[in-house]
Amino acid sequence: MIGFLDALPAPLSQRAKDFFALWDECRRGRKLPLRSDITPEVLGSFFETCVLLELRGHDDIRVAMAGNTVNAHLGYDLTGFNYLDLTSAENRSWRAHLTIAQAAQPCGVVIYYWLRFADGSVLPVEFCGAPYCEDGVEEASLILCCATGLAKTDMRGLPMDPDSYEEGDGMRFIDLGFGVPPLVPSQRQAARPVQ
């Protein structure tokens, strides 16, 4: 019998596999894990590099929580920000469409960023995300994301080029057992508002 991790598409870094394995463990026989599973104790080493997105509407995807390592690299606390404000204006609608489609499916996601710093250094980051539900609700309205690579470097305090995190490369949906949306993230299509 094929296990959950064996069914995930390759290539994924070991850290990404560990993230999706934790997501699977948090389900405890349910379709999706719950918000109450998002604690420092449960997330362990992921907690400091996690971002929790709360889907409120097509134009409002709030950062409900951001780990200290993420905030330190950015130079400010992301909590309370609209996730869509972290992208370029022309990319905003498409990013909203992809994020909402990910929760609606539900499925995971992997995106690669090349974060650039003022001293010319570049930090590759793999950004993984998976859907969660509010406690007592069965439909996903939360996306927990984890940035791998941030904790392995000491670039905190160096100014980061915001353009380097406005749009990632190589975004792909990850089938977590429920399929993936019929969208090709790298080929922007007309984004229709999702109800």
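Residues numbered from 1 in each chain as written. Predicted model: local features only at pLDDT ≥ 70, side-chain atom pairs only at ≥ 80, totals over all residues. Heavy atoms only, no water.

Let's talk about the overall build of the chain
Helix and strand content of the chain: 5 helices and 6 strands. Ordered by position from the N terminus, the helices and strands of the chain form the series α-α-α-β-β-α-α-β-β-β-β. Taking all 195 residues of the chain together, the buried fraction comes to 50%. Relative to all contacts within the chain whose residues are 6 or more apart in sequence, the contacts with residues 24 or more apart total 60%. Carbon and sulfur atoms make up 53% of the accessible area of the chain, which totals about 9,400 Å². (Helix = DSSP H or I, 4+ residues; strand = E, 2+ residues; numbered from the N terminus. Buried < 20%, exposed > 50% of the residue type's maximum accessible area, 1.4 Å probe, protein only. Contact = heavy atoms within 4.5 Å. Areas by Shrake-Rupley, 256 points an atom, 1.4 Å probe, with all protein chains shown as cover.)

Observations regarding helix α5 (residues 92-104)
Compared with an ideal rise of 1.5 Å per residue, which puts 13 residues at 18 Å, α5 spans 18 Å between its outermost C-alpha atoms and is within 8% of the ideal. In terms of residue burial, α5 counts as a mostly covered element, since 10 of its 13 residues are buried. When α5 is considered as a whole, its buried residues turn out to be Trp94, Arg95, Ala96, His97, Leu98, Thr99, Ile100, Ala101, Gln102 and Ala103. (Expected span 1.5 Å × (residues − 1).)

Comments concerning the packing of aromatic side chains
Tallied over the entire structure, the rule returns 3 aromatic pairs. Centroid distance Phe19 to Phe46: 5.8 Å. Interplanar angle 75°. Geometry classified as edge-to-face. With a gap of 27 residues between them, Phe19 in helix α2 (residues 14-27) and Phe46 in the loop between α3 (40-43) and β1 (50-57) connect regions that are remote in the sequence. For the residue pair Phe19 and Phe46, the accessibility class agrees, reading buried in each case. (Phe/Tyr/Trp six-rings, centres within 6.5 Å; stacked < 30°, edge-to-face > 60°.)

Regarding the nonpolar core
Core analysis: the biggest nonpolar cluster contains 53 residues, and Phe19, Phe20, Leu43, Leu53, Ile61, Leu144 and Leu176 have the highest contact counts within it. Leaving out residues up to four positions away in the same chain, Leu43 has contacts with Leu22, Ile38, Cys50 and Leu144. Of all hydrophobic cores here, the second largest spans 6 residues; its members include Trp94, Leu98, Cys107 and Phe173. (Core = buried A, V, L, I, M, F, W, Y, C linked by side-chain atoms within 4.5 Å.)

Description of the environment of Gly57
Summarising the element assignment, Gly57 is placed in strand β1. For the pair Gly57 and Ile100, spaced 43 residues apart in sequence, the C-alpha to C-alpha distance is 8.5 Å.

Examining the pairing of β1
Burial analysis of β1 places 6 of its 8 residues in the buried class, the great majority of the element. As paired elements, β1 and strand β5 (residues 140-148) share 5 bridges and run antiparallel to each other. Counterpart to Leu52 in the pairing with β5 is Leu144. Both β1 and strand β2 (residues 60-66) contribute to a ladder of 6 bridges, which runs antiparallel. Along β2, the bridge assignment pairs Glu54 with Arg62. The turn linking β1 back onto β2 is made up of 2 residues. (Pairing = 2+ DSSP bridges.)

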